[in-house]
Amino acid sequence: MFKLLVQSIFLLLLLGSQRSSGIPAANSVKTLPEGLDEHEMKNGIGVKGSRQHLDCQAESVFIQEQIPLITKTLADGKLVALKQNDLSAADETILVLGKAGAGKTSLIQFLSENPKLQSKKMIWKTSEYIIEDGEKIGTSETESFTLYPELVSYNATINFCDSPGFHDSRSSVHEIVSMDVMRSVTSKFKNVKILLIEEYGSLQYSKSKVNFMDTLRHLTDFLVDIDRYKDHIVLIASKLPFRFRMPDEGDDGSVPELITEEMHIERIMDYLNHTEISIVRKLNQKIGKSERDFYQKVIKLLQSLQTRDKNGKAARISVFRRPHKSGSLMSMPLLNQNKESLTKTIINLNAVQVQKNDFHFTMSNEAKVYLECLLKLTIDDIIHEIIRLFLELNEFVVQKIQNYTSFHQVLTDFESFNNALKQLSDNLDEARNYDVFLEKVNNFISEQRITAHMNSNELVNVLAKYEELILNFVDEMPMSISPSRAWSIAMRQLKESVQDELQWYRTLNNFISGLSSYKIQRNKTEIHSRLFHEGSILTDELMDLFVDVTGATNLNQFH
């Protein structure tokens with residue numbers, strides 16, 4: 001009996017050892033986990049509806065330069081937002097919106113009485129002047145200095161918010177980060193009134209309506225509920241030139257008359273009315289749903305902007321004059337009068353209470369493609385780390401089996417390892433961010449005394465930020481595979497492999513115990529002669545005995 005028992009145990013342990021070294025190691029060391037194919041490893045995400053081609057390869061020099069650049073810029077933007085925390089808690093915020101170069105910063109600095117403001121002649125032949133302070137204000141007609149939103153104190157309870165221009169196109173990095181900071185700053189607003197800045201030249205009959213309509217499109221994209229905000233917006237025509245009205249023909253005694261702010265405002269009111277009428281006509285034409293929705297929002301906004309006070313004057317339109325000579329703006333009477341009228345219009349405007357998700361932040365198509373590309377490469381790097389770790393864990397399981405000298409220790413340790421894997425899997429299902437995810441994985445590795453480790457702290461932090469940005473600025477996450485899914489696939493295969501091994505050793509343990517039963521011992525001579533023939537073991541006979549003793553139905557285990 002003892003000889004039969006020893007021979008059977010030796011044979012089955014030999015089969016188990018060969019099988020163990022084959023299942024996790026021979027296959028997994030050379031192949032990826034099932035479900036993580038080469039296409040997904042190379043492409044990480046699928047950029048849906050990509051607007052432009054971008055060399056989204058890890059070896060791309062451009063991309064390698066951009067990843068640290070945007071990481072640093074995101075960190076800089078976060079510092080900007082943190083520095084403005086105190087100001088962002090003001091009772092009321094005057095949010096200044098408009099295109100890059102429209103004059104938003106100049107207006108805010110003018111109204112907040114920055115003593116450094118100076119007028120400087122730009123084109124001497126036409127006597128045009130610009131406003132500058134040597135710090136914040138752009139030095140050309142088209143370039144803006146405003147990289148991030150900046151809060152400027154107006155008084156004890158009111159702040160201005162100087163925002164970046166709508167889709168400022170200096171770079172995708174700048175656009176992404178400025179919108180991210182803008183989202184962070186505006187999330188703390190309590191009550192808001194909006195100043196919409198548009199160059200005076202874009203509000204004239206002789207000019208194309210495209211420029212102004214483009215501004216309105218950005219505004220209606222930004223404001224989720226135009227009905228709540230339309231009555232809390234002032235339109236300010238910036239860069240208003242000093243113009244004179246010539247006397248009527250034959251009136252030799254009259255002198256040219258300066259066109260007043262009220263005259264310019266009435267002309268703008270006529271322009272808004274004319275624009276509204278033309279849009280109503282377009283609604284009667286066959287147009288798409290998105291365009292129809294946009295036009296309907298614009299009509300509501302234009303009608304509100306044409307509101308008049310009890311004296312019949314435009315209540316929601318104002319102008320911001322250009323300087324007419326060089327020097328300090330504070331020393332120019334006409335500009336001081338202009339400041340008084342601007343201030344009156346803004347103060348008379350009621351603020352609206354800000355609710356969660358009132359503002360919708362969008363990015364240009366180019367910035368979306370750029371961000372998706374960086375997200376893809378970061379995901380590729382982390383998936384590579386996950387697969388490397390998966391292979392090392394499988395190798396650990398193989399070595400664990402091969403190094404044991406006690407069969408019962410194998411079974412005990414596999415029970416413990418299987419329970420630890422199950423606990424890890426449950427913990428990872430509950431992880432809601434990558435930091436927690438990574439911490440739980442590394443804790444498991446440490447507790448199991450595994451030499452492998454996952455070196456992705458920085459990658460994980462960057463990935464979390466990219467995903468946050470994507471979800472804030474893009475309607476859906478354009479990924480075909482994510483790090484969490486990659487780990488889920490790898491974890492599932494590892495669990496199945498370990499459970500398979502554990503089940504084998506449990507069944508083997510049952511077989512060993514069953515060999516000592518009365519039935520087997522009573523027929524040991526017959527069983528021995530049936531199993532052994534001319535010094536070799538008959539596998540089919542051994543399999544029949546194995547099934548008979550253990551009741552096993554999965555014969556693949558035995559094979």
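This one's a predicted model, so the numbers in the text were calculated from it and none came from an experiment. (Residues numbered from 1 in each chain as written. Predicted model: local features only at pLDDT ≥ 70, side-chain atom pairs only at ≥ 80, totals over all residues. Heavy atoms only, no water.)

(A) The arrangement of the environment of Leu82 in detail. Along the chain, Leu82 falls in helix H3 (residues 61-83). The spatial distance from the C-alpha of Leu82 to the C-alpha of Ser184 is 9.2 Å, given a sequence separation of 102 residues. (Helix = DSSP H or I, 4+ residues; strand = E, 2+ residues; numbered from the N terminus.)

(B) Expanded view of unusual backbone geometry. Look at Glu113: it is not a glycine, yet its phi comes out positive at around 60°. We note that Lys239 has phi near 60°; this positive angle belongs to a residue other than glycine. Within the secondary structure, Lys239 sits in strand S7 (residues 233-240). Accessibility expressed as a relative area gives 16% for Lys239, which makes it buried. (Buried < 20%, exposed > 50% of the residue type's maximum accessible area, 1.4 Å probe, protein only.)

(C) Representation of the side chain of Ser318 within the structure. As for its placement among the helices and strands, Ser318 is situated in strand S10 (residues 317-321). Leave out the neighbours within four places in its chain, and Ser318 touches Leu235, Ile236, Ala237, Ile265, Ser341, Leu342 and Thr345. (Contact = heavy atoms within 4.5 Å.)

(D) Representation of the layout of surface pockets within the structure. The computed volume of the largest pocket comes to approximately 600 Å³. Contributing to the lining of the largest pocket are 23 residues, with Asp309, Lys313, Ala314, Lys344 and Thr345 lying nearest its centre. Among the secondary structure elements, those contributing two or more residues to the lining of the largest pocket are helix H9 (261-283), S10 and helix H11 (333-348). Counted by class, the lining of the largest pocket contains five nonpolar, seven polar and eleven charged residues. (1 Å grid on protein atoms, 1.4 Å probe; cavity = no way out; pocket = protein on both sides within 12 Å on 5 of 7 lines; lining within 4 Å. Points joined across faces, edges and corners; volume = space filled by probe spheres on them. Nonpolar A, V, L, I, M, F, W, Y, C, P; charged D, E, K, R; others polar.)

(E) Structural context of the pattern of salt bridges. For the structure on display, the rule yields 16 salt bridges. In this structure, Asp180 engages Arg183 in a salt bridge whose closest nitrogen and oxygen atoms are separated by 3.0 Å. Of this pair, Asp180 and Arg183 both sit in helix H6 (residues 172-186), separated by three residues, roughly a single helical turn. Look at the salt bridges and you will find they share partners, linking Glu526, Arg530 and Glu541 into a network. (Salt bridge = Lys/Arg side-chain N within 4 Å of Asp/Glu carboxyl O.)

(F) Here's a closer look at the environment of Leu97. Mapped onto the secondary structure, Leu97 falls in strand S1 (residues 92-98). The exposure class assigned to Leu97 is buried, which follows from its relative accessible area of 2%. Along the chain, Leu97 and Ile197 lie 100 residues apart, while their C-alpha atoms are 6.1 Å from each other. Residue contacts for Leu97: discarding those within four places in its chain leaves Lys104, Ser163, Phe166, Met182, Ile194, Leu195, Leu196, Ile197, Leu219 and Phe222.

(G) Seen up close, the packing of aromatic side chains. All told, the structure shown has twelve aromatic pairs when counted by the stated rule. On the numbers, 6.1 Å between centres and 35° between planes, the contact of Phe414 with Tyr505 is tilted. A residue pair is termed long-range when its members are at least 10 positions apart, and Phe414 in helix H13 (residues 407-430) and Tyr505 in helix H16 (residues 483-514) qualify at 91 residues. As far as the burial class goes, Phe414 and Tyr505 line up, both buried. By way of ring pairs, the aromatic residues Phe222, Tyr229, Phe359 and Phe361 are connected into one cluster. The aromatic ring of Phe294 is capped on one face by Arg217, whose charged end is 3.9 Å from the ring centroid. (Phe/Tyr/Trp six-rings, centres within 6.5 Å; stacked < 30°, edge-to-face > 60°. Lys NZ or Arg CZ within 6 Å of the ring centre and 35° of its normal.)

(H) Just empty space enclosed by the protein, in detail. Following the criterion strictly, the structure yields five cavities of 30 Å³ or more and no others. Estimates place the volume of the second largest cavity at around 160 Å³. Along the walls of the second largest cavity sit 14 residues, with Phe166, Met179, His218, Phe222 and Thr362 positioned nearest its centre. Looking at the lining of the second largest cavity, the elements that each hand over two or more residues are H6 and helix H7 (210-222). It is H7 that contributes the most residues to the lining of the second largest cavity, three residues altogether. When the residues that make up the lining of the second largest cavity are grouped by side-chain class, the tally is seven nonpolar, six polar and one charged.

(I) Examining the pairing of S1 more closely. Most of S1 sits inside the fold, with seven of its seven residues counted as buried. Residues Glu92, Ile94, Val96 and Gly98 of S1 are buried on one face, and the alternating residues Thr93, Leu95 and Leu97, pointing to the opposite face, are buried as well. Of the pairings in the sheet, the one linking S1 to strand S6 (residues 191-199) comprises seven bridges and is parallel in character. In the sheet register, Thr93 faces S6, and the bridge partner there is Val192. (Pairing = 2+ DSSP bridges.)

(J) Fine view of the packing of helix H5 (residues 104-111) against H11. It is at 10 Å that the axes of H5 and H11 come closest, and there the two elements cross at 95°. In terms of orientation, H5 lies roughly perpendicular with respect to H11. Here Leu107, Phe110 and Leu111 of H5 come into contact with H11, specifically with Leu335, Lys339, Leu342, Thr343 and Ile346. Of the residues that constitute the contact of H5 with H11, the class distribution is six nonpolar, one polar and one charged. (Axes fitted to C-alpha atoms, helices over the stretch in contact; angles between N-to-C directions. Parallel < 35°, antiparallel > 145°, perpendicular 65-115°, else oblique.)

(K) Local environment of H11. Here H11 is 16 residues long and its end C-alpha atoms lie 23 Å apart, about the 22 Å a rise of 1.5 Å per residue gives. Of all the positions in H11, only Leu335, Asn338, Lys339, Leu342, Thr345 and Ile346 are classed as buried. One side of H11 carries all its buried residues, which in axial view fall inside an arc of 135°. Exposed residues on H11 whose side chains face more than 90 degrees from its buried face are Pro333, Glu340, Lys344 and Asn348. Buried-residue contacts for H11 involve S1, H5, S6, S7, H9 and S10. (Expected span 1.5 Å × (residues − 1). Arc of directions from axis to C-beta.)

All quantities given are derived from atomic positions and should not be read as evidence of function.
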